[in-house]
Amino acid sequence: MATAQHDPPDEISVLTLNVWGLLHISALRPQRMTEIGKHINALAPAIVCLQELFTQSDYHLIRQATVDLLPYGKYYFSGAFGGGLAILSRYPIEESTFTPYTLNGRPTAFWRGDWFVGKGIARATIRIAPGPGGPQGLVDIFNTHTHAPYESGPRDSYITHRLAQSWQAGKLIRDSMHKGRLIIAAGDWNMRPDSLPYRLLLDQTTSALQDSWRALHPQSALGPNHKAPPTARHNIVENGMTSNNVLNTWRWSKEAQKKLLKGDPQPVSPDEADPHGQRLDYVFVSTSVAGSEDWLIKGAKVVMTERHPELHVSLSDHFGVLTTLKRPGADPSLPTQPAPKTAQVKDKYSLDMYDQILERLQWYTTREHSQKFWRRTRFYVGLLLWVACLVAVWFVPHSYIAFILMLVASLVLTGCTIEGLLSLLFFNSELRSLREFEWEIRNAKAVGSGNSQTTVYGSLQ
């Protein structure tokens, strides 16, 4: 209980969960969503951030199960099929906005879908204390699901987009920090600890944003360990790994999943080796509040590891993360946590990071220029073939040959039109966004090195 009528609560718990709600792809959605709602009630968080909630029917299933606990909610609309984000709250939502990511995949990779769902970052301003008050009574909640890491290695063609998303999210979070409110940024960030997107996000917020898990588990593993694989239990309790865990049934083979549906629960020991576990889901916090002591990170744990009681399947292909913050002075037993560093001049580690990002940017930009050239070339070649087919119709002796030529002409025209539109619209837009991103990175590097008065010229300017 709060100590005064207009004081914020002593404790705030935040849950983030990727519910795996892809329409026509994710199995057993209604049953899982209903059970997810029940588990949310059991955990009793104050704020819930959900990802991959792509249909309103699934959203309503969870809302119906949690409305008594979390009477306020916002489902975010974006893209052609929705961004899949929702925020549920015990406290009133005073403001809300959704910012699409400028770089978010390619329409040519239609089978992956990231570009079509219109991913972005949602923000809700929640009042946790009644009355007008000041920043102490408001919390800015960010919820996001960044581009999936479909590739890896030096030729990862999506890393640039994920870096741009971390950069854009970091700028929005930093702007919110200037208001002096408690900041919580949760979601499926699709990045591993100490990866380039992870480092860029924290660096962009001048290190005032903290990874709540690493704050309490500084020695946790950074990624899959193939030399001495930890157990599934260790990965959950100590490493905070929410994806690709051997306990998650949706990571099993199709044959094993079919046995589950036939009633065979196939129990797995938590002491089984788990070499491929990943930590992709995070709750970042900026605990500094104007006119008040900093909030303390009380706890962070992986939750929703249980299975559906009747279907024996995991509730989602990700586990959730529950982070608890404690108001200063509410629990004297909690140790004082050091304030995060807010240095203005970057160290060599940060400047090297910017160099790595620029190197990736230049490689990817060259790739996209090549893609644009060849698609434009195919557009003009297609036009010539289309005209040739139309002319040839006048000279063929048989009607069936004319029909075949007209059919080929129609297909060629369709294909070259798509290629032309991609070259003119998508690749032009993407390349301009890459130019903006490159300038901002170069400028940040110049400012961080103490040369803010130096004119910054990008290689594409």
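Cut-offs used in this document
- Residues numbered from 1 in each chain as written.
- Predicted model: local features only at pLDDT ≥ 70, side-chain atom pairs only at ≥ 80, totals over all residues.
- Heavy atoms only, no water.
- Helix = DSSP H or I, 4+ residues; strand = E, 2+ residues; numbered from the N terminus.
- Buried < 20%, exposed > 50% of the residue type's maximum accessible area, 1.4 Å probe, protein only.
- Contact = heavy atoms within 4.5 Å.
- Axes fitted to C-alpha atoms, helices over the stretch in contact; angles between N-to-C directions.
- Parallel < 35°, antiparallel > 145°, perpendicular 65-115°, else oblique.
- Left-handed = near helix turned anticlockwise from the far one by under 90°.
- Nonpolar A, V, L, I, M, F, W, Y, C, P; charged D, E, K, R; others polar.
- Pairing = 2+ DSSP bridges.
- UniProt positions renumbered as here; feature names shortened; annotations may be inferred.
- Patch = residues over 30% accessible without salt bridge, like charges linked within 9 Å, V, L, I, M, F, W, Y side chains within 5 Å.
- Areas by Shrake-Rupley, 256 points an atom, 1.4 Å probe, with all protein chains shown as cover.
- Salt bridge = Lys/Arg side-chain N within 4 Å of Asp/Glu carboxyl O.
- Lys, Arg positive; Asp, Glu negative; His and termini not counted.
- Charge placed at Lys NZ, Arg CZ, Asp CG, Glu CD.
- 1 Å grid on protein atoms, 1.4 Å probe; cavity = no way out; pocket = protein on both sides within 12 Å on 5 of 7 lines; lining within 4 Å.
- Points joined across faces, edges and corners; volume = space filled by probe spheres on them.
- Core = buried A, V, L, I, M, F, W, Y, C linked by side-chain atoms within 4.5 Å.
- pLDDT = per-residue confidence, 0-100.
- Phe/Tyr/Trp six-rings, centres within 6.5 Å; stacked < 30°, edge-to-face > 60°.

1. Structural notes on the overall build of the protein
Each helix and strand counted, the protein has 10 helices and 12 strands in total. Looking at the 461 residues of the protein, the share that counts as buried comes to 51%. A separation of at least 24 residues holds for 74% of the contacts in the protein among residues at least 6 apart in sequence.

2. Here's the deal with the packing of helix H1 (residues 29–43) against helix H2 (residues 56–66)
Close contact between H1 and H2 brings their axes to 8 Å; oriented N to C, the two are set at 30 degrees. Accordingly, the angle class assigned to the pair H1 and H2 is roughly parallel. Helix-helix and strand crossings are classified by hand; for H1 and H2 the assignment is right-handed. Together, Arg29, Pro30, Met33, Thr34, Ile36, Gly37, Lys38, Ile40 and Asn41 of H1 and Ser57, Asp58, Leu61, Ile62, Ala65 and Thr66 of H2 make up the contact between the two elements. Taken together, the residues of the contact of H1 with H2 sort by class into 7 nonpolar, 5 polar and 3 charged.

3. With respect to the sheet that holds strand S11 (residues 296–303)
One open sheet holds the 6 strands; their spatial order is S3-S4-S2-S1-S12-S11, and the pairing between them is mixed. Because the sheet does not close on itself, it has two edges, and the strands there are strand S3 (72–75) and S11. Pairs of neighbouring strands in the sheet enclose a mean axial angle of 15 degrees, with direction left out of account. Bridge count for strand S1 (residues 11–21) against strand S2 (residues 47–53) is 6 bridges, and the pairing is parallel.

4. Focus: the UniProt feature "transmembrane region" (unreviewed entry) in the protein
The UniProt record marks residues 379–396 and 402–427 with the feature "transmembrane region" (unreviewed entry), using the residue numbering of this structure. Taken end to end, residues 379–396 is 83% helix and 0% strand, and its two terminal C-alpha atoms sit 26 Å from one another.

5. A few points about unusual backbone geometry
At Asn244, a residue that is not glycine, the phi angle is positive and equals roughly 60 degrees. Checked against the element boundaries, Asn244 lands in the loop between helix H7 (232–237) and helix H8 (254–261). Asn244 sits in the partly exposed class, given a relative accessible area of 26%. The phi dihedral of Gln266 is positive, around 45 degrees, even though this residue is not glycine. Looking at where Gln266 falls in the secondary structure, it is placed in the loop between H8 and strand S10 (281–286).

6. Digging into a positive patch on the surface
A surface patch of like charges, here positive, comprises Lys254, Lys258, Lys259 and Lys262. Its location among the elements puts Lys259 in helix H8.

7. Topic: the sheet that holds strand S5 (residues 93–100)
Here 6 strands make up an open sheet; going across it, the order is S5-S6-S7-S8-S10-S9 and the pairing mixed. What marks the edges here is a single partner per strand, and that holds for S5 and strand S9 (210–211). Pairing between strand S7 (residues 138–145) and strand S8 (residues 182–188): 7 bridges, direction parallel. Looking at the pairing, Ile141 lines up with Ile184 of S8.

8. Considering empty space enclosed by the protein
The final tally for this structure, using the stated rule, is 1 cavity of 30 Å³ or more. As a volume, the largest cavity reaches approximately 40 Å³. In terms of lining residues, the largest cavity is bounded by Gly105, Arg106, Ala109, Arg112, Gly113, Asp114, Trp115, His147, Tyr150 and Tyr158. In terms of residue class, the lining of the largest cavity is made up of 4 nonpolar, 3 polar and 3 charged.

9. A look at the layout of surface pockets
What the largest pocket holds in volume is close to 1,200 Å³. What lines the largest pocket is a set of 41 residues, among which Glu52, Asp114, Lys119, Ala148 and Tyr150 lie closest to the centre. For the lining of the largest pocket, the secondary-structure elements that each account for two or more residues are S1, helix H3 (114–117), helix H4 (159–177) and helix H5 (196–204). No other element matches H3, which puts 3 residues into the lining of the largest pocket. Considering only residue class, the lining of the largest pocket consists of 18 nonpolar, 11 polar and 12 charged.

10. Considering the nonpolar core
Counting 26 residues, the largest nonpolar core has Ile12, Ile47, Ile141, Leu182 and Ile184 as its most contacted members. Those elements giving two or more residues to this core turn out to be S1, S2, strand S6 (120–127), S7, S8, S10 and strand S12 (320–326). Non-local contacts of Ile184, meaning those with residues more than four positions away in its chain, are made with Val14, Val139, Asp140, Ile141, Phe142, Val283, Phe284, Val285 and Leu325. Core analysis: the second largest hydrophobic core is formed by 20 residues, Met33, Leu50, Tyr75 and Met304 among them.

11. Structural notes on H5
Along H5, 9 of the 9 residues are buried, which leaves the element largely enclosed by surrounding structure. Along H5, the positions that sit buried rather than exposed are Leu196, Pro197, Tyr198, Arg199, Leu200, Leu201, Leu202, Asp203 and Gln204.

12. Some thoughts on the confidence of the model for the protein
Caution applies to low-pLDDT parts of the model: their predicted coordinates are not meant to be read in detail. Across the protein, pLDDT averages 89, with 88% of residues at or above 70. A low-confidence stretch, residues 1–5 stays under pLDDT 50, and its non-local contacts, those more than four residues away or across chains, total 9 contacts. Under a pLDDT of 50 for its full length, residues 341–345 has, in the predicted model, 7 contacts with residues more than four places off or in other chains.

13. Concerning the packing of aromatic side chains
Note on aromatic pairs: each is described by the distance of the centres and the angle between the planes. Inspection of the entire model under this criterion finds 16 aromatic pairs. Residues Trp115 and Phe116 carry aromatic rings whose centres are separated by 5.0 Å and whose planes lie at 85 degrees to one another, so their mutual orientation is edge-to-face. Accessibility expressed as a relative area gives 23% for Phe116, which makes it partly exposed. Ring centres 5.8 Å apart and planes at 50 degrees place the aromatic pair Tyr198 and Tyr282 in the tilted group. Linking Tyr198 in helix H5 with Tyr282 in strand S10, this pair joins segments that are 84 residues apart in sequence.

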